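Next come the chains, spelled out residue by residue.
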Amino acid sequence: MKENDVKNLPIGVIDSGVGGLSVLKWLQEKMPHEKFVYIGDTARCPYGNAHTEDEIYGFSAQMVMTLGKKGIKALVVACNTISMLGKDSMRFGYDFPIITMSKGVNLLLSTSKNKQIGIFATPFTISKELHRKEILEADPEAKVTTVACPDFVPLIEGEKFDSLKLRVTIGKYCQELRKNNCDTLLLACTHYPFIRKEIEREMQGALTVVDPAEQTAMDVIEALGKDLLKDTGEGKSIICGTSNVSKIRRLAEKMLDLKKCEFMEIKLVDL
Ligand code: DGL
């Protein structure tokens, strides 16, 4: 394929569900001329609570191959849980650039004054300990409090934003941060920006919340380089789900300008 043809291909974006829409927001903002094709595997979400690594790998393979068949010029893994598998495991024979979620280490260390850093993520992501490892490599004096938050994704996918259950759950997970005097919190699951305000309200200004999505979008720009990055034309996103597209549209409204989005249900390729 000629370079210009590749440049005109869309950028693929994957997540287990609606979480990656919080990354798509930054991708659209930083790359206004690009076309994006998003897949959220809403039918099998959550990935990060009870699925094995092999299952997560297989589900991800189906999403990547579905996008690969359509033709994309880069893949953004807008899911921390899938990102834990490493970008090389997402190749499946394709040679486009693959960008996984940033761990936000520089931002965390420059934000925290007392070096007490909290991480909220899915049980799978927390079990991998990769955020702690990277933070301590950059600053061995930092103290990292990791909190597995299995209840958040079902509440967000279930649109339970005003529920008592969400308030109680946030209170429960924030307890660990308070106990360890954390002044900075990383949202290491792309679903959590949907409840960022609620977390900030619970912590009443006692900590700064860091979302690594903006840095991830910057990483995408760097990976594309000027040869693949579009600087003309109208941006657009096709947002696909494996189930419940009307829910995806409702949640997308919280993050995106829907005028630039189209929604559809998709069947993933079989392995
Ligand atoms: N949005 C995902 C993440 O960033 C995963 C949620 C899940 O499926 O458990 O980790």
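As the structure is a prediction and not an experimental result, all values here were calculated from the model.

K.L.:
Teacher, can you tell me more about the packing of aromatic side chains here?
P.N.:
Each aromatic ring pair is specified by the distance between its two centres and by the angle formed by the two planes. Evaluated as defined, the whole model comprises seven aromatic pairs. Measuring from centroid to centroid gives 5.2 Å for Tyr 47 and Phe 59, while their planes differ by 45°, and the two rings are tilted. Remark: Phe 59 occurs in helix α3 (residues 53-70) and Tyr 47 occurs in the loop between β2 (35-40) and α3; sequence separation between them is 12 residues. The residues Tyr 47 and Phe 59 share a single accessibility class, namely buried. Of the aromatic side chains, those joined through ring pairs into one cluster are Phe 120, Phe 152, Tyr 173 and Tyr 192.

K.L.:
Would you take a moment to explain the site of the ligand for this structure?
P.N.:
The ligand sits among 14 residues. The nearest are Ser 16, Tyr 47, Asn 80, Thr 81 and His 191. Here an oxygen atom of the ligand and a backbone polar atom of Thr 190 are 2.8 Å apart. A distance of 2.7 Å separates a nitrogen atom of the ligand from a polar atom in the side chain of His 191.

K.L.:
Hey, could you run me through the pairing of strand β7 (residues 184-187) in this one?
P.N.:
Within a regular strand, side chains alternate between the sheet's two faces. What you see with β7 is no split at all: Thr 184 and Leu 186 on one side and Leu 185 and Leu 187 on the other are buried throughout. Where β7 and strand β8 (residues 208-210) come together, three bridges link them in parallel fashion. Across the sheet, Thr 184 pairs through a bridge with Thr 208, a residue of β8. Crossover β7 to β8 through helix α10 (residues 196-203) is right-handed.

K.L.:
Would you take a moment to explain the sheet that holds strand β9 (residues 236-241) for this structure?
P.N.:
Strand pairing in a sheet is mediated by backbone hydrogen bonds. Such pairs are either parallel or antiparallel. One open sheet accounts for six strands, arranged β4-β3-β1-β2-β9-β10; its pairing is parallel. The outermost strands of the open sheet, each flanked by one partner alone, are β4 (98-99) and β10 (261-265). Summarising the sheet, strand β3 (residues 74-77) and β4 pair through two bridges and their orientation is parallel. When the bridges of β4 are listed, Leu 75 appears paired with Ile 98. Its contacts with the sheet put helix α2 (residues 21-30) on β1 (11-15), β2, β3, β9 and β10, and the angle it makes with β2 is roughly 175°.

K.L.:
Teacher, can you tell me more about the sheet that holds strand β6 (residues 143-148) here?
P.N.:
The parallel open sheet is built from four strands, whose spatial order is β6-β5-β7-β8. With partners counted over all chains shown, the strands left at the sheet margins are β6 and β8, one partner each. Sheet twist, expressed as the mean angle between neighbouring strand axes with direction ignored, is 25°. Of the strand pairs in this sheet, strand β5 (residues 116-121) and β7 are connected by four bridges, and their pairing is parallel. Bridge assignment links Ile 117 to a residue of β7, and that residue is Thr 184. Docked against the sheet, helix α7 (residues 130-138) engages β5, β6 and β7, running at close to 170° with respect to β6.

So, how was this worked out
Residues numbered from 1 in each chain as written. Predicted model: local features only at pLDDT ≥ 70, side-chain atom pairs only at ≥ 80, totals over all residues. Heavy atoms only, no water. Phe/Tyr/Trp six-rings, centres within 6.5 Å; stacked < 30°, edge-to-face > 60°. Helix = DSSP H or I, 4+ residues; strand = E, 2+ residues; numbered from the N terminus. Buried < 20%, exposed > 50% of the residue type's maximum accessible area, 1.4 Å probe, protein only. Near = heavy atom within 4 Å. Polar contact = N/O pair within 3.5 Å; in protein donor to acceptor, adjacent residues only side chain to side chain. Pairing = 2+ DSSP bridges. Right-handed = clockwise from strand over helix to strand, strands pointing away. Contact = heavy atoms within 4.5 Å. Axes fitted to C-alpha atoms, helices over the stretch in contact; angles between N-to-C directions.

Scope: geometric values only; no functional claims are made or implied.
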